[in-house]
Amino acid sequence: MNPNFDSIGKQFVEQYYLVFDNKDIRGQVAVMYHPTDALLTFEGQQFQGVEAISEKMKTIPIDNMFRQITTIDCQPTVDGGVLVNVIGQLKNNSENDKVLGFSQTFVLKPANNSFFIFHDIFRLVIHNA
């Protein structure tokens, strides 16, 4: 197990959202995913491989959203990778817009002296009464 799992996970989250939250370069986040084996589940829809993930990233409507991270929890995996769970909130510029909670979980695996995203699950946390 990688003893630096916590710093690896937290540095990854910082870099990932820095790129993802900028609509002009959001498509570049796809290079963080493993070229062929990466799997993204976004609100129940699955996308595999960099090309499909990149296309999905371009269509996510969060251009006027602000992200606030609440917690980042990391655990080492037995193969030297890192499991990362992020909890946070998304808020639109509009005064009347509701804050949306979200959860995103990543599995990072080592490859070529770096880490790639192999699994990514994103869900809005919406409670229907």
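Above this text is the structure in question.
About the thresholds
Residues numbered from 1 in each chain as written. Predicted model: local features only at pLDDT ≥ 70, side-chain atom pairs only at ≥ 80, totals over all residues. Heavy atoms only, no water. Helix = DSSP H or I, 4+ residues; strand = E, 2+ residues; numbered from the N terminus. Rg over C-alpha atoms; globule rule 2.2 N^0.38 Å. Buried < 20%, exposed > 50% of the residue type's maximum accessible area, 1.4 Å probe, protein only. Core = buried A, V, L, I, M, F, W, Y, C linked by side-chain atoms within 4.5 Å. Contact = heavy atoms within 4.5 Å.

Participant: What am I meant to see in the overall build of the protein chain here?
Facilitator: Each helix and strand in the protein chain was counted, giving two helices and six strands. Ordering the α and β elements of the protein chain from the N terminus gives α-β-β-α-β-β-β-β. The C-alpha radius of gyration computed for the protein chain amounts to 15 Å, which stays within 12% of the reference 14 Å derived for 129 residues, consistent with globular compactness. The buried share among the 129 residues of the protein chain stands at 37%.

Participant: Can you help me understand the nonpolar core in this one?
Facilitator: The tendency in soluble globular proteins is for nonpolar side chains to be buried as a group. Ranked by internal contacts, the top residues of the largest apolar core, which has 28 residues, are Y16, Y33, M57 and F106. Only α1 (5-20), β1 (39-42), α2 (50-59), β4 (82-92), β5 (100-111) and β6 (114-125) provide two or more residues apiece to this core. Per element, the largest residue contribution to this core is seven residues, and it comes from α1. Once residues lying within four places of it in the same chain are set aside, the contact partners of Y16 are V29, M32, Y33, M57, Q104, F106, I117 and D120.

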